[in-house]
Amino acid sequence: LADIHAYDVATNTVTAVSTHARDEDIVAVLADGGVVFRRKGAGGEWDLLYFNKGVGGVEIGADLGVTKGAESKDYKATTTGSRIVFETTDGGGDRDLYVWNPANGQTTSIGATTVDETFASLSGTGRVVYHIQTGTANKDVSQFDAVAGAGSSISAHAFDDTYKATVTTGDVI
């Protein structure tokens, strides 16, 4: 299995990021100099990890506890301040949405209920746009500001609402 190393051009040195015996691969390179990679966990789930030369390696969402730690984590996007948006999926298929802040190691729930919350996009203003599956044939569209830690509904009708695109102003279509 391949290992992950970082090469520092300024010092001409190589640092081991991960030399674990399980499958792993890089999923994102961040503006803060960090890298996000995933690794197959002991239970067959995918774990997300963050490495930055100044911080070292840490597990994304580790503060969510043992139950969420056993769920697969799927990288979705990077917001302002190199915050990581990710989905978790439990054994029953329920999907929840979170944002993790590398500056303090804290995870904030975007949507973690008994229905599916799934990532759609980042808006032109850096807000997370996502779907909430409110019924068998009905989903709503909401948004979440990762910096402010607050969200709001964009469209919630008795019929299916579907995200299509955002414009630079942050307006959602």
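Residues numbered from 1 in each chain as written. Predicted model: local features only at pLDDT ≥ 70, side-chain atom pairs only at ≥ 80, totals over all residues. Heavy atoms only, no water.

**Student:** Hey, could you run me through the nonpolar core in this one?
**Tutor:** Nonpolar side chains in soluble globular proteins tend to be buried together. Counting 10 residues, the largest nonpolar core is built from Ala-28, Leu-30, Val-36, Leu-48, Tyr-50, Ile-60, Ile-84, Phe-86, Tyr-98 and Trp-100. For this core, the secondary-structure elements that each account for two or more residues are strand E5 (46-52), strand E8 (84-89) and strand E9 (95-101). In this structure, Val-85, Leu-97, Val-128 and Tyr-130 belong to the second largest nonpolar core, which totals nine residues. (Core = buried A, V, L, I, M, F, W, Y, C linked by side-chain atoms within 4.5 Å. Buried < 20%, exposed > 50% of the residue type's maximum accessible area, 1.4 Å probe, protein only. Helix = DSSP H or I, 4+ residues; strand = E, 2+ residues; numbered from the N terminus.)

**Student:** Mind showing me how you'd approach the layout of surface pockets here?
**Tutor:** Rolling a probe over the atoms, with the probe sized like a water molecule, indicates the empty space that remains. In this model, the largest pocket occupies a volume close to 220 Å³. Ala-6, Tyr-7, Gly-33, Val-35 and Phe-51 are, among the 14 residues lining the largest pocket, the residues nearest its centre. Taken together, the elements giving at least two residues each to the lining of the largest pocket come down to strand E1 (4-8), strand E2 (13-18) and strand E3 (24-29). Per-element accounting of the lining of the largest pocket gives the leading share, five residues, to E1. Grouping the amino acids of the lining of the largest pocket by side-chain chemistry returns eight nonpolar, four polar and two charged. (1 Å grid on protein atoms, 1.4 Å probe; cavity = no way out; pocket = protein on both sides within 12 Å on 5 of 7 lines; lining within 4 Å. Points joined across faces, edges and corners; volume = space filled by probe spheres on them. Nonpolar A, V, L, I, M, F, W, Y, C, P; charged D, E, K, R; others polar.)

**Student:** Explain the environment of Gly-151 here, please?
**Tutor:** For Gly-151, the location among the structural elements is in strand E14 (residues 150-155). The spacing of Gly-151 and Val-58 is 93 residues in sequence and 27 Å in space, taken between C-alpha atoms. Those residues in contact with Gly-151 that lie beyond four places of it in its chain are Gln-143 and Phe-144. (Contact = heavy atoms within 4.5 Å.)

**Student:** How should I be thinking about the pairing of E9 in this particular structure?
**Tutor:** Along any regular strand the residues' side chains alternate between the sheet's two faces. A large share of E9 lies buried, amounting to six of its seven residues. Pairing of E8 with E9, which is carried by six bridges, proceeds in the antiparallel orientation. Across the sheet, Ile-84 pairs through a bridge with Trp-100, a residue of E9. Relative to strand E10 (residues 106-111), E9 is paired through five bridges, and the arrangement is antiparallel. (Pairing = 2+ DSSP bridges.)

**Student:** Teacher, can you tell me more about the pairing of strand E6 (residues 56-59) here?
**Tutor:** Where E5 meets E6, four bridges bridge the pair, whose relative direction is antiparallel. Note on E6: the bridge partner recorded for Tyr-50 is Val-58. Between E5 and E6, which pair antiparallel and follow one another directly, the connecting turn spans three residues.

**Student:** Looking at this model, I keep getting lost on the environment of Asp-47. Mind explaining?
**Tutor:** Within the element layout of this structure, Asp-47 appears in strand E5. For Asp-47, a relative accessible area of 12% corresponds to the buried category. Taking the C-alpha atoms as reference points, Asp-47 and Phe-37, separated by 10 residues in sequence, lie 8.4 Å from one another. Sequence-distant contacts of Asp-47, that is, excluding residues within four places in its chain, are made with Phe-37, Arg-38, Arg-39, Gly-41, Glu-59, Gly-69 and Lys-73.

**Student:** Quick question: what am I supposed to make of the sheet that holds E3 here?
**Tutor:** Note: strands within a sheet are paired through backbone hydrogen bonds, in either parallel or antiparallel orientation. Read across the open sheet, the four strands follow the order E3-E4-E5-E6; overall the sheet is antiparallel. Edge positions in the sheet fall to E3 and E6, since each has one partner strand and no second. Neighbour to neighbour, the strand axes of the sheet diverge by 30° on average, direction disregarded. (Axes fitted to C-alpha atoms, helices over the stretch in contact; angles between N-to-C directions.)

As far as function goes, none of this settles anything; it's purely spatial.
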